[in-house]
Amino acid sequence: MICIFIDALKPEYIEKTTFLKEIAENNLSGNLEVTFGFTSILPSFLTGCYPDTHRKIDLFDLDQEMKPKTKSRLLINLRLLLKNNRFFFTPLNSEYYKYFKVSQEKAWPQKNSLPVKTIFDILEDKKLISIDWPNIYINRKSKLFFKNDCKTVLDITKKLIKSKPDFLFVHFLDLEIAHKYGTTSNELKEKLTEIDNAVRELAFLDDNLIIFSDHSMDEVREKFDIKERLDSLKLDFGKDLVYFIGSTFVRFWFKSQEAKKSVESLLRSLEEGRIVNFKEYNLPKTCDLIFLANFGTIFYPNLFNTEYQAMHGWDPKIQKTFYIIKNLKGKKDTHIINLLPTILDLMKIKKPKLDGNSLVNE
Ligand SMILES: [Zn+2]
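Because the structure is predicted, anything quoted here is derived from the model rather than measured. (Residues numbered from 1 in each chain as written. Predicted model: local features only at pLDDT ≥ 70, side-chain atom pairs only at ≥ 80, totals over all residues. Heavy atoms only, no water.)

J.: I'd like a description of the domain arrangement of the chain, backed by residues and values.
T.: Size of an interface, as often reported, equals the accessible area lost when the parts are brought together. On domain assignment, one finds that the chain holds domain 1 (2-59 + 103-219 + 315-346) and domain 2 (222-307). Centre-to-centre, using C-alpha coordinates, domain 1 lies 30 Å away from domain 2. Taken together, the contacts link 17 residues of domain 1 with 16 residues of domain 2. Among the residues of domain 1 in contact with domain 2, F36, I57 and D58 are the three that bury the most area, contributing 38% of the side total. The interface formed by domain 1 and domain 2 contains two salt bridges. Notably, a salt bridge pairs D58 with R251, separated by 3.2 Å at the nearest N-O pair. The interface formed by domain 1 and domain 2 includes four residue pairs in polar contact (both at pLDDT 80 or more). The set of elements that each furnish at least two residues to the side of domain 1 that touches domain 2 consists of α3 (51-54) and β10 (218-219). Its residues assigned to classes, the side of domain 1 that touches domain 2 comprises seven nonpolar, two polar and eight charged. (Domains from an automatic or database assignment. Contact = heavy atoms within 4.5 Å. Buried area = accessible area lost by both parts, 1.4 Å probe. Salt bridge = Lys/Arg side-chain N within 4 Å of Asp/Glu carboxyl O. Polar contact = N/O pair within 3.5 Å; in protein donor to acceptor, adjacent residues only side chain to side chain. Helix = DSSP H or I, 4+ residues; strand = E, 2+ residues; numbered from the N terminus. Nonpolar A, V, L, I, M, F, W, Y, C, P; charged D, E, K, R; others polar.)

J.: So what's going on with the packing of aromatic side chains? Residues and values would help.
T.: Evaluation of the coordinates by the stated rule reveals 27 aromatic pairs. Ring geometry for F5 and F212: centres 5.0 Å apart, planes at 20°, overall stacked. With a gap of 207 residues between them, F5 in strand β1 (residues 2-6) and F212 in strand β9 (residues 209-212) connect regions that are remote in the sequence. Across the pair, exposure class does not vary: F5 and F212 are buried alike. (Phe/Tyr/Trp six-rings, centres within 6.5 Å; stacked < 30°, edge-to-face > 60°. Buried < 20%, exposed > 50% of the residue type's maximum accessible area, 1.4 Å probe, protein only.)

J.: So what's going on with the packing of helix α1 (residues 19-26) against helix α8 (residues 186-202)? Which residues, and what values?
T.: Their axes nearest at 8 Å, the elements α1 and α8 cross at an angle of 55°. Accordingly, the angle class assigned to the pair α1 and α8 is oblique. Contacts between α1 and α8 involve F19, L20 and I23 from the former and D196, V199 and R200 from the latter. Its residues assigned to classes, the contact of α1 with α8 comprises four nonpolar, no polar and two charged. (Axes fitted to C-alpha atoms, helices over the stretch in contact; angles between N-to-C directions. Parallel < 35°, antiparallel > 145°, perpendicular 65-115°, else oblique.)

J.: Can you tell me about the coordination of the zinc ion, naming the residues and giving the values?
T.: All of the protein donors around the zinc ion are D7 (OD), D214 (OD) and H215 (NE2); their distances to the metal are 2.0 to 2.2 Å. Sequence spacing of the donor residues for the zinc ion, all on one chain, is D-x206-D-H. Here D7 is found in the loop between β1 and α1, whereas its partner D214 is found in the loop between β9 and β10, with 207 residues between them in sequence. (Donors = N, O, S within 2.8 Å, 3.2 Å for Na, K, Ca; no water.)

J.: I'd like to hear about the pairing of strand β18 (residues 321-325), residue by residue, with values.
T.: Buried residues dominate β18, accounting for five of its five residues. Side chains T321, Y323 and I325 of β18 all project onto a buried face; the interleaved residues F322 and I324 project onto the opposite face, where all are buried too. Examined bridge by bridge, strand β2 (residues 28-33) and β18 share five bridges and lie antiparallel to one another. Pairing of S29 across the sheet is with I324, part of β18. (Pairing = 2+ DSSP bridges.)

J.: Which residues make up the packing of helix α6 (residues 150-160) against α8, and what values go with them?
T.: Two numbers describe how α6 lies on α8: the axes approach to 10 Å, and their chain directions differ by 5°. In terms of orientation, α6 and α8 fall into the roughly parallel class. Contact with α6, carried on its side by C150, K151, L154, T157 and K158, involves E194, I195, A198, E201 and L202 of α8 and no other residues of that element. Here the residues of the contact of α6 with α8 sort into five nonpolar, one polar and four charged.

Here's what the structure looks like:
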């Protein structure tokens, strides 16, 4: 089984490709709904479960202990490497960093990287390969690689696939450049052609193939200074509440009922977004409230301190991505939690109890 993860694949891109378009037409394909959040999505793919089971929403969570933290990316990642915790990340470049901690330590192919079994745990006795920058995993053995462009990833994959793994997971990150250049730029078009050719080279190296993405990408149309509005409530950050401004949603942790009430009434009066119902999106209660921006609007100043031309992370029921599964037929929209049970069925492996349902024989 080859599993190709094309990051930031917008369904509309498919029409602009040759090979992806062809295999999408001839095999099971459709729009893919993902889970709400950012760091929640891949865990849902890897476990076949919703976020309220694997408990991830975003890269950063509240740090109750407020431990001091270094902002040096090198130092943080060296420390992780020494502990063999290989989920590397870029620290927040923000004065509020001390209130938060990173929500994941282990890379996905590491043993028990999530509270529920991942595909790497389920298939432990098989031959597994994962090429997901900057880690290469062959079963639980890891190696680092430093360039994350399409050609490097393709070359590594072509070399490793010769050992005939039962399951190979490969992640192409190139389409993420739409964040910077937008979804209709020449830069994006070039990368799309490169990815299309890379997939063509890999697609026939195994009988089973699945292609999917973790999110789409859409242009930013409006920016909204939500901090200014929150500041107007004259609440004390750290004492009354803590909040994390991401570009498409803000998460809140309240220290008092009064703070909760005044924030809620402010948010209800704003037209730029809405309060998220946790149950509707199967989210864990790892924060008290989430305020989601309208499609096309982003909040600022976001804690990542970055400017975006295009973005993802809006309502996943609206902003969908794409998937293709070889050897199955039809056109069907589905949810990312259904991909793992489908993979296990195609590999003829007994499924554990999962939130998702297989697309085989549906
Ligand atoms: Zn992504």
